[in-house]
There are 2 protein chains.
Amino acid sequence: MPAPHHDSFLDLCRAALGPQHVLTDAADKAPFLTDWRKRYTGDAIAVLRPGNTEEVAAAVHACHAHQIAVVPQGGNTGLCGGATPATMDSVVISLQRLNRVRQVDPLNNTVTVDAGVVLQHLQDVAHEHGRLFPLSLAAEGSCTIGGNLSTNAGGTAVLRYGNTRELCLGLEVVTPSGEIWHGLRGLRKDNTGYDLRDLFIGAEGTLGIITAAVMKLFPLPRASVTALAAVASPRAALALLAIAQSHAGAMLTGFELMSAMSMQLVTTHFPQLRYPFAEVHPQLVLIELSDSEGEDHARAIFEKLMQVAFNAGVVADAAVAESVQQSRDFWNLREHIPLAQVEEGKNIKHDIAVPVSRVADFIETTDALLQVSFPGARMVTFGHLGDGNVHYNVSPPAGEDHDAFLGNQDAVNRIVHDSVHSHGGSISAEHGLGQLKREENRLYKSEVELAMMRAIKQALDPQGLMNPAKVI
Amino acid sequence: MPAPHHDSFLDLCRAALGPQHVLTDAADKAPFLTDWRKRYTGDAIAVLRPGNTEEVAAAVHACHAHQIAVVPQGGNTGLCGGATPATMDSVVISLQRLNRVRQVDPLNNTVTVDAGVVLQHLQDVAHEHGRLFPLSLAAEGSCTIGGNLSTNAGGTAVLRYGNTRELCLGLEVVTPSGEIWHGLRGLRKDNTGYDLRDLFIGAEGTLGIITAAVMKLFPLPRASVTALAAVASPRAALALLAIAQSHAGAMLTGFELMSAMSMQLVTTHFPQLRYPFAEVHPQLVLIELSDSEGEDHARAIFEKLMQVAFNAGVVADAAVAESVQQSRDFWNLREHIPLAQVEEGKNIKHDIAVPVSRVADFIETTDALLQVSFPGARMVTFGHLGDGNVHYNVSPPAGEDHDAFLGNQDAVNRIVHDSVHSHGGSISAEHGLGQLKREENRLYKSEVELAMMRAIKQALDPQGLMNPAKVI
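- Per an unreviewed UniProt entry, chain A is named FAD-linked oxidoreductase, and its organism is Cupriavidus yeoncheonensis.
- The heading Cofactor (unreviewed entry) in the UniProt record of chain A holds the text "FAD".
- UniProt, in the comment section headed Sequence similarities (unreviewed entry), describes chain A in these words: "Belongs to the FAD-binding oxidoreductase/transferase type 4 family."

Okay, here's the thing in structure tokens:
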């Protein structure tokens, strides 16, 4: 039960939102207090469920007046504990009831949506209007666009369409003092002052609450065709990337690396998924082309670029999907890697990015460093090679206990993240910082950069009430 | 001559930069003190010409210690007076000696450049490495990439590649206190804190000085082919845009509107440029396709989309360029509009953007409003229709004195900008605010937004020394 001194605050909230949308019962609050990965559980005075922007503003205004911290939450699918409480005397403000698609403007190629709209629903609405909303990631069935924006989510189409940041034209935001910034512009060009939009994007709710956004849409491609290529090394995969970019240009919408170890886990734990080549290769690359003409044209481009790659000795074997089902099968191999890892047992995960040109160096160097400290450790390396974003996951040596190996997490993180840093990379490519990487991040940012981040936090949230103990 | 109380400051600067790079003679300073359009002339204690980032930091540090304002300047080609002094007791810091291309990384599709590198040189360097740097605008022969970033420049390729903001991955910045932020990351994904990069981009030097940047490169298209289409109205041009986007996808790299009045001025003042159709049409559209396959493929796409447009009754006539020279001729028509306006006499210019879907509404409504107040006024309307960015220029009625008509500037601006605002638009699409639109901008921004901008300015530049009386 909330402490009695919160009574007047809760009365304010009940008056603003309706009593049924102010959850104070422990069982009602529970689903909002533990993160997706079940690493973090916090407590909250209440979970507030406003139904529109004005109610969000009223709730934040009440928090501001009573010095109560605010934890914004979308679909609660974040991977870094950014959307659940980390401090005392806070409320969770769930945006899930803000779930309207406000406007679709096909001629402007934009859609205006509430923050609580589920990503998959947004994809579907775009499709109904003959448009593509390209953001796509594993949690799309339950994550919300507000959360995607607050974490600047990445996913599988970044190579062509960019991160969530690049997909947003305008925002509506409730500020830490409970005012509303009406920044829902649907403009491709606007040079009238500081870029506040991009400051809120990726801020993980520490500067204000995104309540709505204008997102970009794209013409729907007439066909998507997938191919798999077998290559000898990450370095060969990079050579193939350059060939694919040269021959496919902007048609190239996916370029995913999958190591032999990744494929071995998948075929072990999901034997119904068949390895597509007669011989086992060190690396597979999944390539997707999206085509505004049609399948035949996409296949012709694949034939050409694969021919160039074969002639250059870059590719050992290749298969272009003959059907939508076969494209689906190829993607299934990629998407079952995380699931196969769950079946195999725990491992130490890293969501890192380096310049694309340095991915092979990074993998070779870091593999070697880990073998020195942890002989026999098995690296499950896969991910968005076209973006320089590799999920570099470290499993224990064969036969060693997975839970016990997790005791090495800090030492493994240090080796991996130091290597990332020395390769000019990022220790959080697409998941954000949240609670998980807040401390770690300070090791790699300069004091100049941290001081600017703190100054901005202080300027926009002087009372420090927005999502405390996250990011900064 | 500078006042004697500046002696110790100037001695500091001379020691840091070398005396030859501290200009105090009036004749030496003059080229740096008047803006490109010759609307604004200021004065400065000195013009400082540092040769590298450390010298920029030393110069800013000296200014900070002596409370002297700093006006950063690139190629001095800005159109809003953002790069010349507007207040007393300031120095101009010219970035022109920071002109090294630091690194080209073709595999990462990036180039790292000093801020003073001229845009055309950057385009050339990219081309030598088989890559495209797509930013292109009229001043490219003398503007610098630092200025492009500080104003978030637009240009003719935004439809496909975005503004300068979208082309930048990382920055090096000298802060208002003279520290260096080493943010030169070449990463496609990096979610490790607030987006400082995009805060400096478009800030017109009011938050710090950009000294270097990592810019994106793209595969060089194998062919670019241009076509002209004659349409009945801006509304028909929008219908053609939707058809072109559907059939050409990301191959569509240019979509420029040119009104009959624009074409009349061009053919009057540059009779060597021929109007390409037998009959005069209300609007022409210039369409450019860039193709990773080749010219034949681009022409086939043009044939298909023009056929669809003809069948839909959207296009009255069309011509696809048969050669590189003919493509050049088509672009010449577009690029001679501003030059023809200079020949014709002064007019009242607007650099505005509205949502693409509202461009036709905006033009119709605003034309009608202006005719009420200024009967016979002639609108020279042209620009980047694909971005919703129209150069909406108002010329006097035929026979009326051009200089006298300029006396109506405030009244005309009010009508045009009010109409922009009511169409959800921007009063500065691609030129920025500088001195020219700083006051005007306050009329259209909410107090919530202005307060956030002021808070950020105060947080990062508490002494208000960076480019005062600009932007905010």
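Read on for the rest.
Quick word on unusual backbone geometry
Okay, step 1: For Gln 67 of chain A, which is not glycine, the phi dihedral falls at a positive 55°.
Okay, step 2: The phi dihedral of Lys 38 of chain B falls on the positive side, at around 60°, and the residue is not glycine.
Okay, step 3: With respect to the helices and strands, Lys 38 of chain B occurs in the loop between helix H2 (26-33) and strand E2 (46-48).
Okay, step 4: For Lys 38 of chain B, a relative accessible area of 69% translates into the label exposed.

Quick look at the relation of the copies chain B and chain A
Okay, step 1: If you rotate chain B by 180° and push it 0.0 Å along the axis, it lands on chain A with an RMSD of 0.0 Å. On this basis, the relationship between the two copies can be described by a two-fold rotation axis.
Okay, step 2: Counting the interface residues of chain B, we find that 100% of their copies in chain A are interface residues as well, pointing to one common contact surface.

Overview of the domain arrangement of chain A
All names here are of chain A.
Okay, step 1: Here chain A is described as being made up of domain 1 (4-94), domain 2 (101-219), domain 3 (223-338) and domain 4 (345-441).
Okay, step 2: With centres defined by C-alpha atoms, the gap from domain 3 to domain 4 works out at 24 Å.
Okay, step 3: Listed per partner, the contact involves 16 residues of domain 3 and 16 residues of domain 4.
Okay, step 4: Here domain 3 is connected to domain 4 by two salt bridges.

Considerations on the nonpolar core
Note that soluble globular proteins tend to have their nonpolar side chains buried in a common cluster.
Okay, step 1: Judged by nonpolar contacts, the single largest core of 80 residues is most densely connected at Phe 133, Leu 171 and Met 215 of chain A together with Phe 133, Leu 171 and Met 215 of chain B.
Okay, step 2: Residues within four places of Leu 171 of chain B in sequence aside, it is in contact with Leu 149, Trp 181, His 182, Gly 183, Leu 184, Arg 197, Phe 200, Ile 201, Ile 210, Ala 212 and Ala 213 of chain B.

Things to note about the interface of chain B and chain A
Okay, step 1: Contacts between the two partners involve 82 residues from chain B and, on the opposite side, 82 residues from chain A.
Okay, step 2: Taking both sides of the interface into account, the surface hidden between chain B and chain A amounts to around 6600 Å²; carbon and sulfur atoms contribute 57%.
Okay, step 3: It is Lys 189, Asn 191 and Tyr 194 of chain B in chain B that bury the most area against chain A; as a group they hold 16% of the surface buried on that side.
Okay, step 4: In this assembly, chain B and chain A are joined by eight salt bridges.
Okay, step 5: A salt bridge links Asp 387 of chain B to Lys 189 of chain A; its shortest N-O distance comes to 3.4 Å.
Okay, step 6: Here chain B is connected to chain A by 45 residue pairs in polar contact (both at pLDDT 80 or more).
Okay, step 7: Listed by contribution, the elements that provide at least two residues to the side of chain B that touches chain A are helix H6 (158-161), strand E9 (180-183), helix H7 (196-200), helix H8 (234-248), helix H10 (295-311) and helix H16 (447-460) of chain B.
Okay, step 8: Among the elements that take part in the side of chain B that touches chain A, H16 of chain B stands out by supplying nine residues, more than any other.
Okay, step 9: Looking at the side of chain B that touches chain A, its residues break down into 33 nonpolar, 31 polar and 18 charged.

Quick notes on the UniProt feature "domain: FAD-binding PCMH-type" (unreviewed entry) in chain A
Okay, step 1: The UniProt record marks residues 40-220 of chain A with the feature "domain: FAD-binding PCMH-type" (unreviewed entry), using the residue numbering of this structure.
Okay, step 2: In the segment residues 40-220 of chain A, helix accounts for 21% and strand for 25%; the C-alpha atoms at its two ends are 40 Å apart.

Some remarks on the packing of aromatic side chains
Residues and elements named next belong to chain B.
Okay, step 1: The full count for this structure, using the stated rule, is ten aromatic pairs over all chains.
Okay, step 2: Residues Phe 362 and Tyr 392 carry aromatic rings whose centres are separated by 5.4 Å and whose planes lie at 65° to one another, so their mutual orientation is edge-to-face. With Phe 362 in helix H12 (residues 359-373) and Tyr 392 in strand E18 (residues 389-395), this residue pair connects regions lying 30 residues apart in the sequence. There is no split in this pair, since Phe 362 and Tyr 392 are both buried.
Okay, step 3: Ring centres of Phe 374 and Phe 405 lie 6.1 Å apart, and the angle between their planes is 80°; on these two criteria the pair is classed as edge-to-face. Here Phe 405 lies in helix H13 (residues 402-405) and Phe 374 lies in the loop between H12 and strand E17 (378-384), a separation of 31 residues in the sequence. The pair Phe 374 / Phe 405 is uniform in exposure class, with both members buried.

Conventions and cut-offs
- All residue numbers here refer to positions counted from 1 along the written sequence of the relevant chain.
- Numbering of ligands from 1 and lettering of chains from A proceed in the order in which they are written.
- Only residues with pLDDT of 70 or above have their local features reported here, since the model is predicted, and side-chain atom pairs are shown and tallied only from 80 upward, although totals for entire chains, interfaces and linings are computed over all residues.
- Excluding hydrogens and water, the side-chain figures rest on all heavy atoms present in the structure.
- UniProt positions are given in the numbering used here, feature names are shortened, and annotations may be inferred rather than shown by experiment.
- Only DSSP runs of H or I with at least four residues qualify as helices, and only runs of E with at least two residues qualify as strands; both kinds are numbered from the N terminus onward.
- Three exposure classes are used, based on accessible area relative to the maximum for each residue type with a 1.4 Å probe and protein chains only: buried under 20%, partly exposed in between, and exposed over 50%.
- The fit set for superposing copies consists of C-alpha atoms from residues with pLDDT of at least 70 in both; the fit itself is least squares.
- The criterion used for residue contact is that any of the two residues' heavy atoms lie within 4.5 Å.
- Domain extents, as shown, originate in an automatic or database domain assignment.
- By definition here, a salt bridge exists when the distance from a side-chain nitrogen of Lys or Arg to a carboxyl oxygen of Asp or Glu is within 4 Å.
- Joining through side-chain atoms within 4.5 Å is the link that ties buried Ala, Val, Leu, Ile, Met, Phe, Trp, Tyr and Cys residues into a set, and such a set is a nonpolar core.
- Accessible area, probed at 1.4 Å, shrinks when two parts are joined; the buried area is that loss added up over both.
- As used in this structure description, the phrase polar contact means that two N or O atoms lie within 3.5 Å; if the pair is within protein, one of them must be able to donate a hydrogen and the other to accept it, and residues adjacent in sequence are counted only when both atoms belong to side chains.
- Amino acid classes used here: Ala, Val, Leu, Ile, Met, Phe, Trp, Tyr, Cys and Pro are nonpolar; Asp, Glu, Lys and Arg are charged; the rest, including Gly, are polar.
- Between the rings of Phe, Tyr and Trp (Trp by its six-membered ring), a pair exists once the centres lie within 6.5 Å; its type follows the angle of the planes, with under 30 degrees stacked, over 60 edge-to-face, and the other angles tilted.

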